[in-house]
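A structural walkthrough
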Amino acid sequence: MTETELMPIGVFARRTGLTASALRFYDDAGLLPPADVDPHSGYRRYGHDQIHRAKLLRELREISMPLTAIQEVFDAPPEEAGALIDAHAAGIAADARAAQARAAAIKDHLGASGKRPTLHLRGPVLAEAIEQVFTATGRTPDHPALSGVYVRVDHAEVSLTATDRYRLTRRTLIAAGPSPQPWSGVLDGEQLRWISHEVRHNLDVAVELDDAEVTFRVSEGRRFSCRVIGIEYPDFQLMLDSLSEVRCRVVVPKHLLLRALESVAHQATTLSGSDDLLMVRDGETTGHAHRIGAEIAGRMGEISFATTQLFPAVSSAIGPDVVLELRGKDQPVTVRSADRGDLTTVLMPTLIDLNNESEEKTHA
C-alpha cells in the first residue's frame, strides 16, 4: 500500500490505535471525517495524511478532553493549541483534587475504606446499551459465561459485549471525565438488565469497578451492585479479527425490514435481492416474499437466518437505516446502523435442508 492509497476503516484503525467504532463516532462528531464514503454502502476509507490527526485525537481523548475542546485545538495554531491543552490538564488536576477531597470526606462519614476505580456514564445511554446487548446473551447451562455481559474499560472507551455463540452484539460508549486504568469482567446479565431500569432516568451514573462486583451509583445516594462472574469469556476478538472480506452490502430502511420480519411464520428467514430490491420470505422455498426498496452493492444471492436471531439483531440497531454486510451464505454477517457505528451485531447464517425444511442447521 502506498501513501496515496485510501485505507479501509479496519486498516486505518490498526494504524492509528483507534477502534472502527470510535472512528465512526468521530466521523459523526465531525472531528475525523473519512476521505471517501461510498454513497451506496456508507463504507468509509481514509487517507495516509489523516493518520497524524487521528493519533492526536486519540491522545487528546485519553486525557479526557471534550469533543468541542478538541475541535478548538485542531483549529488553533500550534502555540494556542498548546495553551488549550495546558488549560485542560490544569482543570482536570483541579477537579481531581476537589473530587478526592470530597470523596475522602464522604468515606470518613460512612466509615468506608479502600478505593475503587470509577468512571461516569450517562444513564439513558448506559440503559440503552445494556438492553441492546442483552438480547444476544445465551442460556446454555454448560456455558454459564454466555448468560453474562462482557464489559471492557480502556481509557475513555467502554464496550459491552454479549454472545450466544451464534450472534454477537457489541456496543461502545464514551465515558465522561477521567477514566480509570483498563478493566474487564463478565457481569451477571440478569442483574445488569434489572439495573438498566434503575439508571435510565439519571443523567450521571458513577460506575465503581471491582473484581467481585460493579457498583452503579445514582442520585440521592442510591446504589445498585452487579455480580462479576468469575468465568473466562469466549475469545470473541479473535473471531472479529478473522472476519473475511465483505462481498455485499445492503442498506435497507429498518422499519420496513422489521415489518417484513414480523410476518415471518417460519423458524428461518431467507433474504435475497439485487440492484435496489431486497426480498424477505419464510425459510420455505414457496413462502411469500416481501419486497423492500434497498441499496445493494455486490452480488447478494440467498442467505438464511434463524428468525429469532435476525429480528432482535435488526430491532436493536440504531437509526432509521440498517446495513447488512454479507461475506457468503455460510459466513458471519455484520448488522449495524448506516450512520452510527457504536452498536454492531455479528450474526451466523442458517443452512436449510431442502429435503426436510423443518430441519435447520446453524453454523457456529
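Refer to the structure presented above.
What this report covers is the structure whose coordinates are included nearby. (Residues numbered from 1 in each chain as written. Predicted model: local features only at pLDDT ≥ 70, side-chain atom pairs only at ≥ 80, totals over all residues. Heavy atoms only, no water.)

With 12 residues, helix α3 (residues 51–62) should cover 16 Å at 1.5 Å per step; its first-to-last C-alpha distance of 17 Å lies within 8% of that length. Trailing α3 by a residue or two, S64 shows a phi angle of about 65 degrees, which is positive. (Helix = DSSP H or I, 4+ residues; strand = E, 2+ residues; numbered from the N terminus. Expected span 1.5 Å × (residues − 1).)

Right, let's talk about the packing of helix α1 (residues 9–16) against α3 for a bit. Two numbers describe how α1 lies on α3: the axes approach to 9 Å, and their chain directions differ by 60 degrees. The angle between the axes of α1 and α3 places the two elements in the oblique class. With respect to the hand of their crossing, α1 and α3 are arranged in right-handed fashion. Side by side, α1 and α3 meet where F12, R15 and T16 of the first sit next to I51, A54, K55 and R58 of the second. Taken together, the residues of the contact of α1 with α3 break down into 3 nonpolar, 1 polar and 3 charged. (Axes fitted to C-alpha atoms, helices over the stretch in contact; angles between N-to-C directions. Parallel < 35°, antiparallel > 145°, perpendicular 65-115°, else oblique. Left-handed = near helix turned anticlockwise from the far one by under 90°. Contact = heavy atoms within 4.5 Å. Nonpolar A, V, L, I, M, F, W, Y, C, P; charged D, E, K, R; others polar.)

Read across the open sheet, the 3 strands follow the order β1-β3-β2; overall the sheet is antiparallel. In the strand order of this sheet, the two ends are held by β1 (7–8) and β2 (36–37), each with one partner. (Pairing = 2+ DSSP bridges.)

By definition, the strands of a sheet pair up through backbone hydrogen bonds, in either a parallel or an antiparallel sense. Spatial strand order, β15-β14-β13-β17: 4 strands in an open sheet with antiparallel pairing. With one partner strand each, in any of the chains shown, β15 (289–293) and β17 (301–306) form the two edges of the open sheet. Neighbour-to-neighbour, the strand axes of the sheet open up by a mean angle of 25 degrees, direction not taken into account. Where strand β13 (residues 268–274) meets strand β14 (residues 277–282), 6 bridges bridge the pair, whose relative direction is antiparallel. The residue of β14 that forms the bridge with L271 is V280. Relative to the sheet, helix α10 (residues 307–315) contacts β13 and β17, its axis offset from that of β17 by approximately 95 degrees.

Once that is clear, we can look at the pattern of salt bridges. A full pass over the atoms with the stated rule returns 14 salt bridges. A salt bridge links R44 to D27; the nearest nitrogen and oxygen atoms lie 2.9 Å apart. Residue R44 is found in strand β3 (residues 44–46), and its partner D27 is found in helix α2 (residues 20–28); the two are separated by 17 residues along the sequence. D27 shares its class with R44; the two are buried. (Salt bridge = Lys/Arg side-chain N within 4 Å of Asp/Glu carboxyl O. Buried < 20%, exposed > 50% of the residue type's maximum accessible area, 1.4 Å probe, protein only.)

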